[in-house]
Amino acid sequence: MTSTARPFLNRRLAEFGTTIFAEMSALAVATGSINLGQGFPDTDGPEEVREAAVRALRDGRGNQYPPGPGVPELRTAVAAHQLRRYGLAYDPDTEVLVTAGATEAIAASLLALLEPGDEVVALEPYYDSYAASIAMAGGRRVPVTLRPDGGRFRLDLDELRAAVTDRTRLLLLNTPHNPTGTVLTRAELAAVAALAVERDLLVVTDEVYEHLVFDEAEHLPLATFPGMRERTVTIGSAGKTFSFTGWKVGWVTAAPGLVTAVRSAKQFLTYVASGPFQYAVAEALTLPDSYFEGFREGMRVRRDILAEGLTGAGFEVFRPAGTYFITTDIRPLGEKDGLAFCRALPERAGVVAVPNAVFYDDREAGSPFVRFAFCKREEVLREAAERLRRL
Ligand SMILES: *Cc1c(COP(=O)(O)O)cnc(C)c1O
């Protein structure tokens, strides 16, 4: 069957042809460039966690369909993690749901909670799956733009309030924030919470970088704020926290009614996923604090290597308080079009980065910003810094 009359991809998804990562990763391969585009570590996570997965496979745990909500060991470990770190008590049986990564948790939450036409207020620039998932759910995205202010990208609370209308069903939040590296402060989160309560909104909060906060920054789950526990769907993932992004083990914690709703959508997406890896992640979540501290400190060192390299190469650097990423402004290099800059960068310097503009509805607002990932080995980052000095 052919169709010359119209393209195959439907109208809901027409704007999401292929992701920028496919284009940039292909460029990296074609030019032999260092790929600081996509955010995946170039070394695997802890050996004991990898061994736990091997053991599960060998022992025949998770090789057949695991239970729909996730294996009990992992649900218990997720609940214990939320309690130990944040004082948030969730019942592993009714308030925890294991998903195929955070990506499925986001999609299932939106598919479950939105009516067609409902508005979703999301921070811009946004993680690329948000826009597509809102579209698949028939929702309307309403971006609130984070703007550079005093060396960080800041949420304007007045803009956030103004974005909420009678059609707003939920806020889609992300802290620590990809791609800007912003970690929302206690005061900002308190204001978001007060707004959600006042306007009776649900909140889906993507906290996959909860363990990657640097310096004085602190990750505060939105669900810990007054009035939020019953209206917040919190999303976590093993991919970023344990450096196993290919395992696709994520989770949702929320009140029973919300978890039941999200599970209803999730069961018809993947039903279940990552059986043996669920057991391994259950063990990973019980690693001592020293693991999490070492992981964070190692990533902070890499952030600093790349930040210094980028500054030396002439970029304006927004030193991130969290995540895997540094957002830069290319205007000090005499450039203003991030997309053109990123397309040329592999030829010019042998490095691949991602233009933040693709994470904006307001492309103009995002145009001069370019994102570099620092979740790579130190020698790779040093080599990238060396190459960028050619600019
Ligand atoms: C990587 C990432 C995800 C996806 O996580 P998976 O567990 O790999 O699906 C979701 N949100 C943000 C902000 C991310 O950076």
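All figures in this text were calculated on a predicted structure; none of them were measured in a lab.

The rules we used
- Residues numbered from 1 in each chain as written.
- Predicted model: local features only at pLDDT ≥ 70, side-chain atom pairs only at ≥ 80, totals over all residues.
- Heavy atoms only, no water.
- Domains from an automatic or database assignment.
- Contact = heavy atoms within 4.5 Å.
- Salt bridge = Lys/Arg side-chain N within 4 Å of Asp/Glu carboxyl O.
- Pairing = 2+ DSSP bridges.
- Helix = DSSP H or I, 4+ residues; strand = E, 2+ residues; numbered from the N terminus.
- Axes fitted to C-alpha atoms, helices over the stretch in contact; angles between N-to-C directions.
- Patch = residues over 30% accessible without salt bridge, like charges linked within 9 Å, V, L, I, M, F, W, Y side chains within 5 Å.
- Areas by Shrake-Rupley, 256 points an atom, 1.4 Å probe, with all protein chains shown as cover.
- UniProt positions renumbered as here; feature names shortened; annotations may be inferred.
- Near = heavy atom within 4 Å.
- Polar contact = N/O pair within 3.5 Å; in protein donor to acceptor, adjacent residues only side chain to side chain.
- 1 Å grid on protein atoms, 1.4 Å probe; cavity = no way out; pocket = protein on both sides within 12 Å on 5 of 7 lines; lining within 4 Å.
- Sits in = over half its atoms within 2 Å of the grid points.
- Buried < 20%, exposed > 50% of the residue type's maximum accessible area, 1.4 Å probe, protein only.
- Arc of directions from axis to C-beta.
- Phe/Tyr/Trp six-rings, centres within 6.5 Å; stacked < 30°, edge-to-face > 60°.
- Lys NZ or Arg CZ within 6 Å of the ring centre and 35° of its normal.
- Points joined across faces, edges and corners; volume = space filled by probe spheres on them.
- Nonpolar A, V, L, I, M, F, W, Y, C, P; charged D, E, K, R; others polar.

When the domains of the chain are assigned, the result is domain 1 (20–45 + 290–389) and domain 2 (47–285). Taking the mean C-alpha position of each, domain 1 and domain 2 sit 25 Å from one another. Each partner contributes to the interface: domain 1 provides 32 residues, whereas domain 2 provides 38 residues. Taken together, domain 1 and domain 2 are joined by 3 salt bridges.

Here we come to the sheet that holds strand S4 (residues 140–145). The mixed open sheet is built from 7 strands, whose spatial order is S2-S10-S9-S8-S7-S3-S4. Of all the strands in the sheet, the pair left with one neighbour each is strand S2 (96–99) and S4. The mean inter-strand angle of the sheet, taken between neighbouring strand axes irrespective of direction, is 20°. Strand direction decides the pairing type here: strand S3 (residues 119–124) and S4, joined by 6 bridges, are parallel. Paired with Val 121 across the strands is Val 142, a residue of S4. Lying over the sheet, helix H5 (residues 128–136) contacts S3, S4, strand S7 (168–174) and strand S8 (202–206), oriented at roughly 160° with respect to S7. Each of S2, S8, strand S9 (232–237) and strand S10 (250–253) touches helix H9 (residues 256–266); the most contacted strand, S2, lies at about 25° to it.

What follows is about a nonpolar patch on the surface. On the surface, a nonpolar cluster with roughly 250 Å² of combined accessible area is contributed by Leu 111, Met 136 and Leu 269. Considering the arrangement of structural elements, one finds Met 136 in helix H5.

Here we take up the UniProt feature "domain: Aminotransferase class I/classII large" (unreviewed entry) in the chain. Look at the UniProt record and you will see "domain: Aminotransferase class I/classII large" (unreviewed entry) annotated at residues 34–388. The annotated region residues 34–388 carries 41% helix and 18% strand content, and the separation between its end C-alpha atoms amounts to 11 Å.

Strand order across the open sheet formed by 4 strands is S11-S12-S15-S14, with antiparallel pairing between neighbours. In this open sheet, the two edge strands, each paired with only one partner strand, are strand S11 (316–318) and strand S14 (354–355). As judged from the 3 bridges shared by S11 and strand S12 (residues 325–329), these two strands associate in the antiparallel manner. Bridge pairing in S12 places Phe 318 opposite Thr 327. Sitting on the sheet, helix H11 (residues 289–312) is in contact with S11, S12 and strand S15 (369–373), with an inclination near 15° to S12.

Around the ligand, the neighbouring residues are Gly 101, Ala 102, Thr 103, Tyr 127, Asn 174, Asn 178, Asp 206, Val 208, Tyr 209, Ser 237, Lys 240 and Lys 248. At 2.5 Å from a nitrogen atom of the ligand is found a side-chain nitrogen or oxygen belonging to Asp 206. Between an oxygen atom of the ligand and a side-chain N or O atom of Lys 240, the distance comes to 3.1 Å. Considered on its own, the ligand offers 380 Å² of accessible surface; in the complex 94% of this is hidden by protein. Assessed atom by atom at 2 Å from the grid points, the ligand resides in the largest pocket.

With that out of the way, let us pick up H9. Among the residues making up H9, those that are buried are Leu 258, Val 259, Val 262, Ala 265 and Lys 266. All buried residues of H9 project into a common sector of 125° when viewed along the axis, lining one side. Where H9 is buried, its residues contact S2, helix H4 (101–113), S8, S9 and S10.

Once that is clear, we can look at the environment of Trp 251. Following the sequence through the fold, Trp 251 ends up in strand S10. The spacing of Trp 251 and Ala 238 is 13 residues in sequence and 8.6 Å in space, taken between C-alpha atoms. Not counting residues up to four positions away in its chain, the partners in contact with Trp 251 are Val 78, Leu 97, Val 98, Thr 99, Thr 234, Ile 235, Gly 236, Ser 237, Ala 238, Val 281 and Leu 285.

Relative to the assigned elements, His 177 resides in the loop between S7 and helix H7 (186–198). At a separation of 2.8 Å, a polar atom in the side chain of His 177 contacts the main-chain carbonyl oxygen of Pro 125. The residues touching His 177, leaving out its near neighbours within four places in the chain, are Leu 123, Pro 125, Leu 146, Thr 182 and Thr 323.

The subject of this paragraph is the packing of aromatic side chains. Following the criterion strictly, the structure yields 18 aromatic pairs and no others. Taking the centre distance of 5.9 Å and the plane angle of 70° together, the rings of Tyr 65 and Tyr 271 count as edge-to-face. With Tyr 65 in the loop between helix H2 (47–58) and helix H3 (72–86) and Tyr 271 in the loop between H9 and helix H10 (275–284), the pair connects residues that are 206 residues apart, well separated along the chain. A connected cluster of aromatic rings, assembled from ring pairs, spans Phe 242, Tyr 291, Phe 292 and Phe 295. Lying across the ring of Phe 292, Arg 85 places its NZ or CZ 5.4 Å from the centre. Lying over the aromatic face of Phe 325, Arg 371 brings its terminal NZ or CZ to 3.6 Å of the ring centre.

Quick look at the layout of surface pockets now. When its volume is computed, the largest pocket comes out at roughly 980 Å³. When residues of the lining of the largest pocket are traced back to their parent elements, those giving at least two are helix H1 (20–31), H4, H5 and helix H8 (238–242). If one sorts the elements of the lining of the largest pocket by residue count, H5 sits on top with 6 residues. Considering only residue class, the lining of the largest pocket consists of 20 nonpolar, 13 polar and 11 charged. A domain split of the lining of the largest pocket shows at least three residues from each of domain 1 (20–45 + 290–389) and domain 2 (47–285). Approximately 230 Å³ is the volume found for the second largest pocket. Arg 85, Tyr 86, Glu 210, Val 213, Asp 215, Ala 217, Glu 218, His 219, Leu 220, Pro 221, Thr 224 and Arg 296 are the residues that line the second largest pocket. A class-by-class count of the residues in the lining of the second largest pocket yields 5 nonpolar, 2 polar and 5 charged.

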